[in-house]
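Fold and geometry: a report
This is what each chain is made of:
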Amino acid sequence: MLRSRRNPFIQTKSVSLELTQEIISLEPGRLVSPLISNIMQPSPSLHTPSPTSFTSAGPHHEDWNILSMSDVRNTEKASEEWKLPEIVSAVKETMKTASSASVRIAVTGDSGNGMSSFINALRRIGQEEEDSAPTGVVRTTQKPTLYHSSDMPNVELWDLPGTGAATQSLETYLEEIQFSKYDLFIIIASEQFSMNLVKLAKIIQGQGKRFYVVWTKLDRDLSTQVVSKEQLLQDIQENIRVALQNEGVYEPIIFLVSNFDPFLHGFPELRKSLCREVSDIRYHEPQQNLSDTYGKIINDKAITFWRQTGSESFQDSFGIQNADDLEEFLNACHSFFGLDDESLQEVAQSMGKPMEEYKAIMKSQDLHTVLSGDWVLSWTNCNTDTCLYSVLNRIPFVGYASFSYLRGWNQWRLLDKVAKDTNTILKKVLTDAAI
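Now for a description of the structure that goes with this document.

Conventions we followed
- Residues numbered from 1 in each chain as written.
- Predicted model: local features only at pLDDT ≥ 70, side-chain atom pairs only at ≥ 80, totals over all residues.
- Heavy atoms only, no water.
- Helix = DSSP H or I, 4+ residues; strand = E, 2+ residues; numbered from the N terminus.
- Buried < 20%, exposed > 50% of the residue type's maximum accessible area, 1.4 Å probe, protein only.
- Contact = heavy atoms within 4.5 Å.
- Areas by Shrake-Rupley, 256 points an atom, 1.4 Å probe, with all protein chains shown as cover.
- Axes fitted to C-alpha atoms, helices over the stretch in contact; angles between N-to-C directions.
- Parallel < 35°, antiparallel > 145°, perpendicular 65-115°, else oblique.
- Left-handed = near helix turned anticlockwise from the far one by under 90°.
- Nonpolar A, V, L, I, M, F, W, Y, C, P; charged D, E, K, R; others polar.
- Pairing = 2+ DSSP bridges.
- Phe/Tyr/Trp six-rings, centres within 6.5 Å; stacked < 30°, edge-to-face > 60°.
- Lys NZ or Arg CZ within 6 Å of the ring centre and 35° of its normal.
- Expected span 1.5 Å × (residues − 1).
- Arc of directions from axis to C-beta.
- Polar contact = N/O pair within 3.5 Å; in protein donor to acceptor, adjacent residues only side chain to side chain.
- Salt bridge = Lys/Arg side-chain N within 4 Å of Asp/Glu carboxyl O.

A look at the overall build of the protein
- Tallying secondary structure elements over the protein gives 18 helices and six strands in all.
- Residues counted as buried form 50% of the 435 residues belonging to the protein.
- Once local pairs closer than 6 in sequence are excluded, the contacts in the protein between residues at least 24 apart make up 73%.
- Of the roughly 21,200 Å² of accessible surface on the protein, a fraction of 49% belongs to carbon and sulfur atoms.

And the structure:
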């Protein structure tokens, strides 16, 4: 017959303060490394609060700019029943979509700074060519205009209208250009780095967006220089940095170029940097978004799992014969998160990797591996004839509560390790899928 029990973290018999202090002198907060996002922090008391003390992860995505909402829905759909092979399949599909997704680069700045001329120079085409951006001494771009470059496939270059001179119009300007839809901003400056541009950079940084500052009329500056070229370049960059730092914007990426010399000065390095940035936006950001999403989902799944432990239905679901057997509990955790051998084999085949490559990064492969790497868990394992077990068994009115507490404590640690292994394997899948 199955031995039914209640979760000792929900209800335990009271014990003496002396015993409580003796057990808790081990400082549980240090013994149990927190599960992802700190959802598993046991209270320093045997009267541990119910699972309502876990923190719900809430929404599983905040910024999926490079991914479509269908990618988001596929990701969350695959997570509903938490079947690891299906999740891996969804991850591969999502990363495949991301690899060819369009990256939107917005070119902006004060009117007259040469944004359109810069786009032509970046595309290595002359202003007289048919599909070049129109240029002039007055504001020529009246609305966001899309251009493409053969050097950067699937990259959208958006020539935005100039910001104008009035700082109070900046908020309206950002609304008009649909600020949120762009992945990277290139702020064009010449002659001076105006307060408008400083405020614009601060807003971009505050929204977690990437931006470059490009000074476009270096040819004119060099023709009128009164100091050495090296000093001139240093002065321009320093003036921009100081203007930004005064408003709390630090470490800007600055390039000094001439729109008339698209192969000289800072242009070659700018193109290289843009290529790296585009690749990073396509791969790193979706990877990070998916990693954060699955980390939160894993937390929620761990909460769900923990609330079920101790019930007969839980034992029946996972075929647990002995509620005190940590190996059976560990196997249940593996089965719940999809880290059992059958699921891992499917994952490995899907990724074209040997299963051992995924098993090798697991710290919860089996109970022996766990106990050999966790002396606290090994010492407090009530399945073994430990010194602690023998001592507590001789203390009147203490044995049952102590064993219940230690059993729950050990199960908590096992769940923590399995959840972290799940997160580790998914991160490896994300990395492998982007290669």
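A few points about the packing of helix H10 (residues 267-308) against helix H12 (residues 326-337)
- Where H10 contacts H12, the axes come no closer than 11 Å and their chain directions differ by 135 degrees. What the angle tells us is that H10 and H12 run oblique. Regarding H10 and H12, the two cross each other, and that crossing is right-handed. Residues Ile298, Lys301, Ala302, Phe305 and Trp306 of H10 pack against Phe329, Ala332, Cys333, Phe336 and Phe337 of H12.
- Taken together, the residues of the contact of H10 with H12 sort by class into nine nonpolar, no polar and one charged.

Structural notes on the sheet that holds strand S2 (residues 145-149)
- If you trace the six strands from one edge of the open sheet to the other, you get S2-S3-S1-S4-S5-S6, paired in mixed fashion. Each of the sheet's edge strands pairs with one partner strand only, and the pair in question is S2 and strand S6 (253-256). The average undirected angle you get between the axes of adjacent strands in this sheet is 25 degrees.
- Pairing analysis gives five bridges linking strand S1 (residues 103-109) to strand S4 (residues 184-189), with the strands arranged parallel. Residue pairing across strands places Val107 opposite Ile186, the latter belonging to S4.

Description of the environment of Ala419
- Tracing the sequence through the fold places Ala419 in helix H18 (residues 399-434).
- Using a relative accessible area of 0% as the deciding quantity, one classes Ala419 as buried.
- A sequence separation of 85 residues divides Ala419 from His334, and the C-alpha atoms of the two residues are 9.0 Å apart.

What about the packing of aromatic side chains?
- Overall, the coordinates contain 15 aromatic pairs when judged by the stated rule.
- Arranged with centres 5.8 Å apart and planes meeting at 15 degrees, the rings of Phe118 and Phe267 form a pair that is stacked. Of this pair, Phe118 sits in helix H5 (residues 115-122) while Phe267 sits in helix H10; the two residues are 149 residues apart in sequence, bridging distant segments of the chain.
- Overall, Phe118 belongs to the buried group, its relative accessible area being 0%.
- Of note, Lys181 hangs over the ring of Trp158, and the distance from its end group to the ring centre comes to 4.1 Å.
- In this arrangement the basic side chain of Lys428 is found over the ring face of Tyr358, its NZ or CZ atom lying 5.5 Å from the centre.

Some points on helix H7 (residues 195-206)
- Under the 1.5 Å per step criterion, the end-to-end length of H7 is 16 Å for twelve residues, consistent within 8% with the ideal 16 Å.
- When we look at burial in H7, the residues that qualify are Asn196, Leu197, Val198, Leu200, Ala201 and Ile204.
- Tucked inside the fold, the buried residues of H7 contact S1, helix H6 (170-176), S4, strand S5 (210-215) and helix H9 (229-245).
- Looking at the residues trailing H7, positive phi occurs at Gly208, about 75 degrees.

Remarks on the pairing of S1
- Counting buried positions along S1 yields six of seven residues, so the element is predominantly enclosed.
- The pairing of S1 with strand S3 (residues 152-159) spans five bridges and is classified as parallel. The partner of Ala106 across the bridge, within S3, is Trp158.

Things to note about helix H4 (residues 84-99)
- For H4, spanning 16 residues, the distance from its first C-alpha to its last is 22 Å, which sits close to the expected 22 Å at 1.5 Å a residue.
- Residues of H4 that are buried include every one of Leu84, Ile87, Val88, Ala90, Val91, Thr94, Met95 and Ala98, and no others. The arc that holds the buried residues of H4, viewed along the axis, is 160 degrees, so those residues lie on one side.

Focus: the side chain of Gln287
- Within the secondary structure, Gln287 sits in helix H10.
- Classification of Gln287 as buried rests on a relative accessible area of 18%.
- In terms of polar contacts, Gln287 uses its side chain to reach the backbone carbonyl oxygen of Leu430, at 3.0 Å.
- Excluding residues within four positions of it along the chain, Gln287 makes contact with Met95, Leu430, Thr431 and Ala434.

Regarding the pattern of salt bridges
- Taken as a whole and judged by the stated rule, the model has 14 salt bridges.
- The salt bridge involving Asp341 is made with Lys359; its shortest N-O contact spans 3.0 Å. Taken together, the residues Asp341 in helix H13 (residues 341-351) and Lys359 in helix H14 (residues 355-359) connect sequence positions 18 residues apart.
- Judged by its relative accessible area of 44%, Asp341 falls in the partly exposed class.
- In this structure Lys359 comes out as buried when scored by relative accessible area, which is 18%.
- In this structure, Lys353 and Glu357 form a salt bridge, with 3.8 Å as the shortest nitrogen-oxygen distance.

Observations regarding unusual backbone geometry
- The phi torsion at Gln178 lies on the positive side, around 55 degrees, for a residue other than glycine.
- Despite not being glycine, Glu251 shows a phi value in the positive range, around 50 degrees.
- With respect to the helices and strands, the residue Glu251 is situated in the loop between H9 and S6.

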